[in-house]
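# Reading the structure
One-letter residues, chain by chain:
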Amino acid sequence: MSDNILTLKGVKTNIAQYHILQGVDLDVPRGAVTMLLGRNGVGKTTTLRTIIGHWRAHEGQILLDGEDITKVPTPAIARMGVGFVPEDMGIFSDLSVEENMTLAAVSGPINDSRLQWLFSVFPALETFWKKDAGTLSGGQKQMLTIARAMIEDRKLYLIDEPTKGLAPAIISTMAKALRELKSQGASILLVEQNFAVAKALGDTANVMDDGRMVWSGEMNTLATDGDLQERLMGLTMDGHH
Amino acid sequence: MSAAPDHNPTMAQTTLVQRLEPHAPVLLVLGLMILGLIAIPSTSSWLTLTVSGLAMGMMIFIMASGLTLVFGLMDVINFGHGAFVSVGAFVGVSLLLGLEHMTGAPSLALNLTAMLVAILGAMVATGLMGWAFEKVIVKPVYGHHLKQILVTMGGLIVVEQLIIVLWGPEEIYITRPEALKGAVTFAGAAIEKYRLVAVGIGAVVFLGMRWVLRSTKIGLIVRAGVENGEMVEALGYRLRLVFVGVFLAGSALAGLGGVLWGLYQEVITAHMGNQSMILIFIVVIIGGLGSVEGCFIGALMVGLLQNYVAFLEPKVALISNIGLMVAILMWRPQGMIPVVKAK
Amino acid sequence: MLNKLLSGDMPRSKILAVLLLGILICLAFAPFLFPGVRSVDTAARICVFIILVASYDLMLGYGGIVSFAHTMFFGLGAYGVALASTHMGRGFDALLVGSVSGALIAALLALVIGLFSLRVRAIFFAMITLAIASAVAVLVSQMSGLTGGEDGLSYKIPRELGPAFKFYDGTVLGVKMNGKLLKYYLVFFSCLALFLFMLRVVHSPFGRVLLAIRENDFRAEAIGYRVVHYRVAATCLSAAMAALAGSLYAIWLRYVGPDTSLSMEIMIDILLMVVIGGMGTMYGAVIGATLFVLAQNYLQGLMNVAADAVSGLPLLPDLLNADRWLLWLGVLFILSVYFFPTGIVGRLRKGR
């Protein structure tokens, strides 16, 4: 078995008449944090949505643990152990925090020790356990959506911009949680616009532009090479320093 | 004329209004009852009318609940929902006519058993029919409202015509089971026994549905799916299966409603489903498309209003529901309990 | 000239052009080609239904809005003429007043319903119109003092439109030159004018915006079109056209009743005609209405023959009974929506 948990080979995805992904190649190593970077609108979110199966690849191949999941339905991909945290968080605001978490525990009742661990990472969850998720603040919602993905052991986490629109104090909680997850040996594919967070968490980095992967390598290499950053991601990234 | 109600913007008042706001729909039902009590001169008539109104509302709710859930979950609007009402009524009434020795006997136990058989038979028939309807008629037109409306309307026509082929074009008269005929007197008001049964069954269905939606995992999936089906799938649940299940259950409930409605009217026709669609639509629009609670409250309001107005001014009864719908939509354009949709 | 008359919408298919021309000639010379009360009656019915169906298509095919109140608007026009003729006495002024007020009321009602439902969701419109149309149908039956209830109203129309009025003694090609003939041509030319008007509307900038909205209402809104305004306007226009068709039908029949103008059956007929003819093409209304009315008049007899032929078998005679005509239409309707969504016209144009 390869040491990549996920591999994309020449994936092309069209939405309506638009060719959003134009042949994406990507390797996600096992037990590491893989960053997916790039300017807005280059296809990062589409890549994640194509992996989980919300959108279908028209060409190319997606391998999860060596198994072809290109045409597998979304629920089945999820049950193979893929946790998805979408950009819009996808929390169920009519359901309580507890119900959100219960629903996320697909294979049965919530494991209590795991829940206690999550409470220690995200204390707010315990406080608002019985509240409707819709009444939470933006940061709390984001914590809920990550905790929801973590309630059971997943092979792979797909996380789309978890720090988007959050206050700096909450960003650090979020970064701490992701580090905690990483320390458990999880494999994570992370889309992140905040370069500081990316630098702190990422092992490898992949930069997209215009529906293609334009650079792949060690996060460190990218983090220390200002010219490279400038060339790959332009000024958008700098704004986040 | 009395002075205008006090509108001093004191702190206490704002909080009271704020606290009452979420319960406004429930309060509306109570308010309607109180209005009825004021408008109707005799308390006993009011009680009689209120019970009939509740009975009617419960039956409409049973018929409409499936429609609103199916819409909420998959954004599918089924104009053929009334077909299940008709088929349920015909299957149930046929069974009751076949069980005449049980319905004719003056024993409540035997009567209720016969009714139970009829109801189960009708629900199985309409449930299966719903499953087939979903597969053949609805599935090919997911995500396409225009086609859904046209195709499901076509389905309704076909089913109505098939009922005529199978049962003949004449209406069928049915008398209620022996022990459910007549009325009981309570506080000077004559209350038909059958209406009490209808209220009871309606309450059981509503509470059962609430329990399933609030306390079971399937219920969680359905509620979550109404808000964001894509995310439910990303968690690992096959929403399509859940949807087929809801469609089937909703059709079976419509069938149950058909049996109850048929016994209430004591006559059934192939077009009764189509006619019931009018009230069903009014109720789900009032309640907020996709909301079970809203549907329940809307149904009770329509039932009560129709009965009160029919007593006070028979000719206006029919338009009163349209008027109610217009008034509610002016107040809340999405219905009383709007359903939150992601996206 | 022809291009201008058709607002630039040429049939774009040889078969379609031949069909349309054939229908036009048959309708234009119907009293001469097919003398006989029943066939002229059928021709007039086809004319009226072409307008009714085209006006419905304005809403459905161009606006993407499903309405179940189209017969209500149709009925408003019909009852407008009937009531005006009853209360004002026979005369062309009564016909005019009845038609115009029917159309205005229909447009006003459409405006109110549209403003209420279309600003929320387009499907609300379908549900609300179904409820309101049914309520109105019941109301018309109940208010028998005004509307004649289930029996409907019979009334006199101007003498010049009756068979007793002869404007030329003798016959032309065996046809009597009487008021009945004039009445047919009143209906025919009014319908032709209304049809050409609607053709003009759908090819105007207004019609093009409607099409853009039907294709993608979000995008149309984003470009800056007030989607709701356009949809409501289309609904009002469509309602007024339907009412005018109803007025013409009332003039032709000299009778209105719930069955001829308000019933759900007519609503279903309209849906079938639109879908079978082809949504979003005015010519679809012509083909759909013609085929349907002809089939309605002549195919039912055929079904009875078939039912008699299988009379010994179980169930089949019941299925083939002419009264079960709607059953087969329903099946045909579902199949057309699935496999034939562009209808006959769409198919002919594609096959060019």
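Residues numbered from 1 in each chain as written. Chains lettered and ligands numbered in written order. Predicted model: local features only at pLDDT ≥ 70, side-chain atom pairs only at ≥ 80, totals over all residues.

### Section: the overall build of chain B
Formally: A helix here means a DSSP run of H or I that spans at least four residues, while a strand means a run of E at least two residues long, and both kinds are numbered starting from the N terminus. For this measure, only C-alpha atoms enter the radius of gyration; the expected value for a globule follows 2.2 Å times N^0.38, where N is the number of residues. Neighbour counting defines burial: a residue surrounded by 20 or more other C-beta atoms within 10 Å of its own C-beta is buried, one with 12 or fewer is exposed, and intermediate counts give partly exposed, using backbone-placed C-beta atoms. Residues are scored as being in contact if the C-beta atoms we place from backbone atoms lie within 7 Å.
A count of helical and extended segments in chain B gives 13 helices and four strands. On C-alpha atoms alone, chain B measures out to a radius of gyration of 21 Å, which is about the 20 Å that the 2.2 N^0.38 rule sets for 343 residues. Projected onto its principal axes, the C-alpha coordinates of chain B cover approximately 65 × 60 × 35 Å. Across the 343 residues of chain B, 54% fall into the buried class. For chain B, the share of sequence-separated contacts (at least 6 apart) that also reach a separation of at least 24 residues comes to 78%.

### A short note on the overall build of chain C
Along chain C, the regular secondary structure elements total 18 helices and four strands. At 21 Å, chain C has a C-alpha radius of gyration in line with the 20 Å of a compact globule built from 352 residues. Considered along the principal axes of its C-alpha atoms, chain C spans approximately 65 × 55 × 50 Å. Scored against the burial criterion, the 352 residues of chain C give a buried share of 48%. In chain C, 71% of the contacts between residues at least 6 apart in sequence involve partners at least 24 apart.

### So, the sheet that holds strand 2 (residues 18–29) of chain A
All names here are of chain A. The condition is simple: In this analysis, strands are considered paired if DSSP registers two or more bridges between them. Axis definition: a line fitted to C-alpha atoms, over the contacting stretch in the case of helices. Angles run 0 to 180 degrees between N-to-C directions.
Judged by pairing direction, the sheet is antiparallel, and its four strands sit side by side in the order 2-1-4-5 without closing on themselves. Edge positions in the sheet fall to strand 2 and strand 5 (67–68), since each has one partner strand and no second. When strand 4 (residues 59–64) meets strand 5, the two strands line up antiparallel, connected through two bridges. What sits directly across from Leu63, in strand 5, is Asp68. In this fold helix 1 (residues 44–52) packs onto strand 1 (4–15), strand 2 and strand 4, with an angle of close to 75° to the strand it touches most, strand 2.

### Some remarks on the pairing of strand 3 (residues 189–192) of chain B
All names here are of chain B. Where strand 2 (residues 183–186) lies against strand 3, four bridges are found, and the strand directions are antiparallel. Following the sheet pairing, Phe186 is matched in strand 3 by Ala189. Here strand 2 folds back onto strand 3, and the loop between the two strands holds two residues, one of which, Ala187, carries a positive phi near 50°.

### Comments concerning the sheet that holds strand 9 (residues 204–209) of chain A
Residue and element names in this part refer to chain A. Strand order in the open sheet formed by six strands is 6-7-8-3-9-10, and the pairing between neighbours is mixed. The open sheet has two edge strands with one neighbour each: strand 6 (82–85) and strand 10 (212–218). In this sheet, neighbouring strand axes are inclined to one another by 15° on average, regardless of whether the strands run parallel or antiparallel. By the bridge criterion, five bridges tie strand 7 (residues 156–160) to strand 8 (residues 187–191) in an arrangement that is parallel. Directly across from Asp160, in strand 8, lies its bridge partner Val191. Relative to the sheet, helix 1 contacts strand 3 (33–37), strand 6, strand 7, strand 8 and strand 9, its axis offset from that of strand 7 by approximately 145°.

### With respect to the UniProt feature "transmembrane region" (unreviewed entry) in chain C
Our working rule: UniProt positions are given in the numbering used here, feature names are shortened, and annotations may be inferred rather than shown by experiment.
Those residues carrying the UniProt feature "transmembrane region" (unreviewed entry) are residues 49–82, 94–116, 122–140, 184–202, 232–256, 268–295 and 325–346 of chain C in this numbering. With 100% helix and 0% strand, residues 184–202 of chain C has its two end C-alpha atoms placed 27 Å apart.

### Focus: the packing of helix 4 (residues 37–62) of chain C against helix 14 (residues 264–277) of chain C
Angle between the axes and distance between the axes are the two parameters that describe a pair of packed helices. All names here are of chain C. Stated formally: Reported orientations rely on four angle classes, namely roughly parallel under 35 degrees, roughly antiparallel over 145, roughly perpendicular from 65 to 115, and oblique for the rest. Only Asp, Glu, Lys and Arg are considered charged in this grouping, and only Ala, Val, Leu, Ile, Met, Phe, Trp, Tyr, Cys and Pro are considered nonpolar; every other residue, Gly among them, is considered polar.
Contact geometry for helix 4 and helix 14: axes closest at 9 Å, N-to-C directions at 75°. In terms of orientation, helix 4 lies roughly perpendicular with respect to helix 14. Every residue of helix 14 that contacts helix 4 at Phe49, Leu52, Val53, Tyr56, Asp57, Leu60 and Gly61 is listed here: Ile270, Met273, Val274 and Gly277. Looking at the contact of helix 4 with helix 14 residue by residue, the classes come out as eight nonpolar, two polar and one charged.

### Details of the packing of helix 12 (residues 292–312) of chain B against helix 13 (residues 317–331) of chain B
Residue and element names in this part refer to chain B. Our working rule: By convention, the crossing between two helices is left-handed when the near helix turns anticlockwise from the far helix through less than a right angle, and right-handed when the turn is clockwise.
For the pair helix 12 and helix 13, interaxial distance at closest approach is 8 Å and the crossing angle is 140°. Viewed along their axes, helix 12 and helix 13 adopt a mutual orientation that is oblique. The crossing of helix 12 and helix 13 is right-handed. For the pair helix 12 and helix 13, the contacting residues are Met301, Val302, Leu305, Gln306, Val309 and Ala310 in the first and Ala317, Ser320, Asn321 and Leu324 in the second. Broken down by class, the residue content of the contact of helix 12 with helix 13 amounts to seven nonpolar, three polar and no charged.

### Observations concerning the environment of Ile20(A)
Residue and element names in this part refer to chain A. By the element assignment, Ile20 lies in strand 2. By C-beta crowding, Ile20 is classed as buried, having 21 other C-beta atoms within 10 Å. Sequence spacing of Ile20 and Val42 is 22 residues, and the spatial spacing of their C-alpha atoms is 7.8 Å. With sequence-adjacent residues up to four places away left out, Ile20 is seen in contact with Thr13, Asn14, Ile15, Gly43, Thr46 and Gly211.

### Some points on the interface of chain B and chain C
Across the boundary between the two partners, chain B contributes 31 residues, which contact 34 residues of chain C. Looking at the side of chain B that touches chain C, the elements with two or more residues in it are helix 7 (145–167), helix 11 (272–287) and helix 13 of chain B. Here the side of chain B that touches chain C gets 14 residues from one element, more than from any other, and that element is helix 7 of chain B. The residue makeup of the side of chain B that touches chain C, split by class, is 24 nonpolar, five polar and two charged.

### Remarks on helix 11 of chain B
All names here are of chain B. Put simply, the rule reads: Expected span of a helix, by definition, is 1.5 Å for each gap between consecutive residues, and there is one gap fewer than residues.
Between the first and last C-alpha of helix 11 there are 22 Å, a value that for 16 residues agrees with the 22 Å anticipated at 1.5 Å per step. The buried fraction of helix 11 amounts to 15 of the 16 residues, a majority that puts the element mostly inside the structure. Two residues or fewer past helix 11, Gly288 is found with a positive phi of approximately 105°.

### Quick notes on the interface of chain B and chain A
Counting from both sides, the interface comprises 16 residues of chain B and, opposite them, 19 residues of chain A. Residues that form the side of chain B that touches chain A fall into these classes: nine nonpolar, two polar and five charged.

### Points about the arrangement of the chains
No other pair of the two pairs of chains in contact has as many contacts as chains B and C. Left apart from each other, chain A and chain C have a closest C-alpha approach of 12 Å.

### Focus on helix 10 (residues 205–215) of chain C
Owing to its 3.6 residues per turn, the α-helix aligns residues three or four sequence positions apart on the same side. Residues and elements named next belong to chain C. How we decide: Here, the arc refers to the directions that run from the helix axis to the C-beta atoms.
The set of residues buried in helix 10 consists of Gly207, Val209, Leu210, Ile213 and Arg214. Within helix 10, the buried residues cover an arc of 160° as seen down the axis, which keeps them to one side. Facing away from the buried side of helix 10, by more than 90 degrees, are the exposed residues Pro205, Arg208 and Glu215. Buried residues along helix 10 sit in contact with helix 4, helix 9 (179–202), helix 11 (217–223) and helix 12 (227–253).

### Section: the pairing of strand 3 (residues 175–178) of chain C
All names here are of chain C. The pairing of strand 2 (residues 166–172) with strand 3 spans four bridges and is antiparallel. Bridged to Lys166 within strand 3 is Asn178. Between strand 2 and strand 3, which follow one another and run antiparallel, lie two residues, and Leu173 among them has a positive phi close to 50°.

### Some details on the confidence of the model for chain B
Residue and element names in this part refer to chain B. Quick reminder of the rule: By definition, pLDDT measures how confident the predictor is in each residue, and it falls between 0 and 100.
When pLDDT is averaged along chain B, the result is 88; 94% of the residues meet or exceed 70. Here helix 1 (residues 11–20) stands out as the element of chain B with the lowest mean pLDDT, 63, in contrast to helix 4 (residues 81–98), whose mean of 95 is the highest. Across residues 1–12, where pLDDT falls below 50, the model places two contacts with residues more than four positions away in sequence or in other chains.

### Let's talk about the environment of Val40(C)
Topologically, Val40(C) is positioned in helix 4. On the basis of neighbour count, Val40(C) is assigned to the buried category, with 21 C-beta atoms found within 10 Å.

### Some thoughts on the confidence of the model for chain C
All names here are of chain C. Put simply, chain C has an average pLDDT of 86, and 99% of its residues get 70 or more. The least confident element of chain C, judged by mean pLDDT, is helix 16 (residues 316–320) at 73; the most confident is helix 12 at 93. Interface predicted TM-score (ipTM) for the complex: 0.89; the corresponding pTM is 0.86.

### Considering unusual backbone geometry
Positive phi is not limited to glycine here, since Ala187(B) has a value of about 50°. Tracing the backbone shows Ala187(B) in the loop between strand 2 and strand 3. Of note, the phi angle at Arg254(C) is positive, near 55°, even though the residue is not glycine. For Arg254(C), the location among the structural elements is in the loop between helix 12 and strand 4 (255–256). For Arg254(C), a count of 18 C-beta atoms within 10 Å gives the class partly exposed.

### Comments concerning the environment of Arg176(B)
All names here are of chain B. When you line up the elements, Arg176 lands in the loop between strand 1 (172–173) and strand 2. The spacing of Arg176 and Gly104 is 72 residues in sequence and 8.8 Å in space, taken between C-alpha atoms. Excluding residues that lie within four positions of it along the chain, Arg176 makes contacts with Lys181, Tyr194, Leu263 and Glu266.

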